[in-house]
Amino acid sequence: IIFSGSGTLAAGAQTITLTGSGTPTAAGNFTVGISFGGSSCSFPITVSGVITTDWTFTQGATTTYKGITDTAKLDAIASINVFSYSGSNATDNILLILTDLAGGIQANEIYNTNAINNNSAGFVFVGATETYAADNTLGNVNLIFKVTLHDAATKTIQGTFTGTVLDTNSAIKNITNGQFKGSY
């Protein structure tokens, strides 16, 4: 969470109002410190409620990444449907694209990153320490997506993914337990 405000302070004790923005990464009680010049103060904040996780996946045996949806969009171009999804957390960004050449992204359909025709997919993850990618130009890797829900009434698409990706050194990495959910 980031707090910000602006104004002019006079000498002596003052009350200021700061506006919070962003998405908390954890619930709990926190102390926020402020310092300006030679003066400082702090104030407590309480973050409550459930932290939303819209996407998650595990690389290897133990490294799990997760975050929230930034954007989700479903485009229909003639008979082609494209679902594009981006998400993030404080240090990581994910992008996935599902393309259905026959039209209509439906529950129980499979999309994979080595497909050229029919149901294809693309995947990019840029993290604080790792970058992973999979698409039909990279060869030797295949990330498989399964759409588990497409609710046109709520404009929500969710699914799972698992398979292999390349890191920045062209090493093949295993991805498991992948999930995403986005409203377009």
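Anything mentioned here points back to the structure above.
**Here's the deal with the pattern of salt bridges**
Scanning all chains against the criterion turns up two salt bridges. Among the ionic pairs, Asp75 bridges to Lys73, the shortest N-O distance being 3.9 Å. The partly exposed category is assigned to Asp75, whose relative accessible area is 28%. A residue is classified by how much of its surface remains accessible, and Lys73, at 46% relative accessible area, is partly exposed. Ionic pairing is found between Lys173 and Asp167, a salt bridge with its closest N-O pair at 4.0 Å. The exposure class assigned to Lys173 is partly exposed, which follows from its relative accessible area of 25%. Here Asp167 falls in the buried class, since its relative accessible area comes to 11%.

**What to know about the packing of aromatic side chains**
On inspection of all chains with the given rule, the structure shows 15 aromatic pairs. With 5.2 Å between their ring centres and 40° between their planes, Phe57 and Tyr65 make a pair best called tilted. Its relative accessible area of 0% is what places Phe57 among the buried residues. Each ring, one from Phe57 and one from Phe161, has its centre 6.1 Å from the other, and the planes form 50°; the classification is tilted. With Phe57 in strand β5 (residues 55-59) and Phe161 in strand β13 (residues 156-167), this residue pair connects regions lying 104 residues apart in the sequence. With relative accessibility at 2%, the residue Phe161 sits in the buried group. Members of the aromatic cluster, joined through ring pairs, are Trp55, Phe57, Tyr65, Phe83, Tyr85, Phe123, Phe125, Tyr132, Phe145, Phe161 and Phe180.

Scoring rules and cut-offs
- Residues numbered from 1 in each chain as written.
- Predicted model: local features only at pLDDT ≥ 70, side-chain atom pairs only at ≥ 80, totals over all residues.
- Heavy atoms only, no water.
- Salt bridge = Lys/Arg side-chain N within 4 Å of Asp/Glu carboxyl O.
- Buried < 20%, exposed > 50% of the residue type's maximum accessible area, 1.4 Å probe, protein only.
- Phe/Tyr/Trp six-rings, centres within 6.5 Å; stacked < 30°, edge-to-face > 60°.
- Helix = DSSP H or I, 4+ residues; strand = E, 2+ residues; numbered from the N terminus.

Shape is all these values report; function is a separate question.
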